[in-house]
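Chain by chain, the residues run as shown.
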Amino acid sequence: MADIHIVREHALGLAGARKLAFRWAEVAEKKLEMECTYEEGKLSDVVGFKRPGASGELKVTKDRFVLDARLGLLLGVFKGKIESEIVKNLDQLLDHEDPLHAFEQGLAKHEAKHDTKHAKHAKAHVAQAPGHAPRKSK
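A brief report on the enclosed structure follows. (Residues numbered from 1 in each chain as written. Predicted model: local features only at pLDDT ≥ 70, side-chain atom pairs only at ≥ 80, totals over all residues. Heavy atoms only, no water.)

## Remarks on the pairing of strand β5 (residues 64–71)
Taken together, the eight bridges between strand β1 (residues 2–9) and β5 define a ladder with antiparallel strand orientation. Within β5, the position partnered with Ile-4 by the bridge is Ala-69. Where strand β4 (residues 54–61) meets β5, seven bridges bridge the pair, whose relative direction is antiparallel. When the sheet's bridge partners are listed, Gly-56 is paired in β5 with Ala-69. Two successive antiparallel strands, β4 and β5, enclose a turn made up of two residues. (Pairing = 2+ DSSP bridges. Helix = DSSP H or I, 4+ residues; strand = E, 2+ residues; numbered from the N terminus.)

Shown next as structure tokens:
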């Protein structure tokens, strides 16, 4: 098992931090196949997350995010890379004036890149498939 502990200060206030954390949970469920729970509190919220090989929680306060995650044996091998990517992405978001908007832009950019890569792969696969040669027009 490998543990990750990340603390980041922010100036979003609880309402802004809550919006960002809730949106992250939505995306994590869809894109990372995580099961997420979101518990709103008066002074802080907790996002619980789990999937095979990883689990943890993100505590959200008016001025801080605290991420504690536990990686299983297989993902634990990649702890350094996973942790550095989380830190890099979180720091980049928090450097923006509107982190939620930056999150949405980053997500759209990632999806566009993924869609382009997928389309190129599918086109190459069809071109190589036997019996799928382009027809000549008469």
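Next comes the rest of the account.
## Thoughts on the nonpolar core
If you look at the biggest cluster of nonpolar residues, it comprises 27 residues, and the most contacted ones within it are Ala-21, Cys-36, Phe-49, Leu-58, Val-60 and Phe-65. Elements with a contribution of two residues or more to this core: β1, α1 (13–31), β3 (44–51), β4, β5, α3 (79–95) and α4 (99–128). In terms of residue count, the dominant contributor to this core is α1 (seven residues). Cys-36 has contacts with Ala-25, Ala-28, Glu-29, Gly-48 and Phe-49, leaving out every residue within four places of it along the chain. (Core = buried A, V, L, I, M, F, W, Y, C linked by side-chain atoms within 4.5 Å. Buried < 20%, exposed > 50% of the residue type's maximum accessible area, 1.4 Å probe, protein only. Contact = heavy atoms within 4.5 Å.)

Worth remembering: the numbers are spatial, not functional.
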